[in-house]
Each structure stands twice: as C-alpha cells, then as structure tokens.
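Observations on the model geometry
As a plain string of letters, each chain reads:
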Amino acid sequence: MPKRIAVVNEDTAYLRMMETFLQLEGYETFAWREGSTAYEVIKREQPDLVILDIRLEHPDAGWVVLDLLRLDPETADLPVIVASGDLRFLREKEERLRAQRCQVLPKPFGLEELLRKIQEVIGPPERPPGAK
C-alpha cells in the first residue's frame, strides 16, 4: 500500500498541484477544501500524513481541525505539516504548533523542500516515483 497524504487547503489550484506532484512522487493523496468537514474525512480516510493550511475559510478553521485531530485518540498521533503563507502568524504560533507536534512549512516553498519534509516525517513512498 502506498503511503497516503491528505492535503487540506481552500485553494483549488494549490490542491491540484499538490495532488499531481505527490502522486508523481509515489504517494497516494486526497485533497479537501472545507475545514468544517476536514476532520471527519481525515478520520475516515486515515492518511499517514496531513498537510494542513492553518488558515482556511475563516482564521480559526485550521486550528479547529488540528485541535480535533489531537483530541481524538484515533488521530492524536497523526503527523501534521502546517503550511501557510502567513509568516508572521507562523512565527507567533510556532511554539503552539510544536506543542501540537506539527512540522511547519512556510509558503511559498520549493517542491524539493516539501518532499524532504514529507520524507523526514513519514519516509519515502512505498512504490517508486512515477510507478502505477
């Protein structure tokens, strides 16, 4: 089974790019746009990693998703990479994010940087990049 990554972000173009890139690298992905239902989908799908934009349809939506994941024993240990373009916000909340056992990835980021961070957290894909 390929390692599975959930990408939660409200930007459709970003989601498409992430899905395409991660699938080409050998990861199985699914994308989700709505913070209000992201927790339920993540819990149901049980990915190996979540890449979460902490700022979704409203400023606290990503925090709510993260808090729900951490409070649920089934998802409490699920690795999360928080990706955000709000650098000031990331700096201000870095301690809280680290306490939540999150990795931080400021946007914009290079695809190699993203891949390196993913491999640090969950390792390489189970199948070679580009394999079907």
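Higher on the page you've got the structure.
A look at the overall build of the protein
Of the regular secondary structure elements, the protein holds five helices and five strands. Start at the N end of the protein and walk to the C end: the helices and strands fall as β-α-β-α-β-α-β-α-β-α. In summary, the protein has a C-alpha radius of gyration of 14 Å against a globular reference of 14 Å for 132 residues, a match within 12%. Along the longest, intermediate and shortest principal axes, the C-alpha atoms of the protein span 40 × 30 × 25 Å. Within the span of the protein, comprising 132 residues, buried residues form 47% of the whole. Pairs at least 24 residues apart make up 66% of the contacts formed inside the protein by residues separated by at least 6 positions. For the protein, the accessible surface area stands at approximately 7000 Å², while carbon and sulfur atoms represent 52% of it. Where the 19 positive side-chain charges of the protein centre and where its 24 negative ones centre are 2 Å apart.

Examining the sheet that holds strand 1 (residues 4-8)
In spatial order, the strands read 2-1-3-4-5; together these five strands make up an open sheet with parallel pairing. With one partner strand each, in any of the chains shown, strand 2 (28-32) and strand 5 (102-106) form the two edges of the open sheet. Averaged over all pairs of adjacent strands, the angle between strand axes in this sheet comes to 20°, irrespective of strand direction. Bridge count between strand 1 and strand 3 (residues 49-52): four bridges; the pairing is parallel. Counted as the bridge partner of Ile5 is Leu49 from strand 3. The strands touched by helix 2 (residues 35-45) are strand 1, strand 2 and strand 3; relative to strand 2, the strand with the most contacts, the crossing angle is about 160°. Here helix 5 (residues 111-122) sits on the sheet and contacts strand 1, strand 3, strand 4 (80-84) and strand 5; the angle it forms with strand 5, its principal contact strand, is near 175°.

Describing helix 4 (residues 87-99)
For helix 4, built from 13 residues, the straight-helix expectation of 18 Å at 1.5 Å per residue is met to within 8% by its first-to-last C-alpha distance of 18 Å. At Lys93, helix 4 shows its maximal bend, which comes to roughly 60°. Turning to helix 4, the residues buried within the fold contact helix 3 (61-71), strand 4 and strand 5. In the stretch just after helix 4, Arg101 is the one whose phi turns positive, near 60°.

Looking at unusual backbone geometry
Here the amide bond leading from Lys107 into Pro108 is cis, since omega sits at -5°, within 30 degrees of zero. With respect to the helices and strands, the residue Pro108 is situated in the loop between strand 5 and helix 5. Even without glycine at this site, Gln46 takes up a positive phi of about 50°. Residue placement: Gln46 occurs in the loop between helix 2 and strand 3. Backbone geometry at Arg101 places phi at a positive 60°, although glycine is not the residue there. With respect to the element layout, Arg101 can be found in the loop between helix 4 and strand 5.

A word on helix 3
Considered for burial, the residues of helix 3 that qualify are Ala61, Gly62, Trp63, Val65, Leu66, Leu69 and Arg70. In this structure, the buried side of helix 3 is in contact with helix 2, strand 3, strand 4, helix 4 and strand 5.

Parameters at a glance
Residues numbered from 1 in each chain as written. Predicted model: local features only at pLDDT ≥ 70, side-chain atom pairs only at ≥ 80, totals over all residues. Heavy atoms only, no water. Helix = DSSP H or I, 4+ residues; strand = E, 2+ residues; numbered from the N terminus. Rg over C-alpha atoms; globule rule 2.2 N^0.38 Å. Buried < 20%, exposed > 50% of the residue type's maximum accessible area, 1.4 Å probe, protein only. Contact = heavy atoms within 4.5 Å. Areas by Shrake-Rupley, 256 points an atom, 1.4 Å probe, with all protein chains shown as cover. Lys, Arg positive; Asp, Glu negative; His and termini not counted. Charge placed at Lys NZ, Arg CZ, Asp CG, Glu CD. Pairing = 2+ DSSP bridges. Axes fitted to C-alpha atoms, helices over the stretch in contact; angles between N-to-C directions. Expected span 1.5 Å × (residues − 1). Bend = angle between axes of the 7 residues up to and from the residue.

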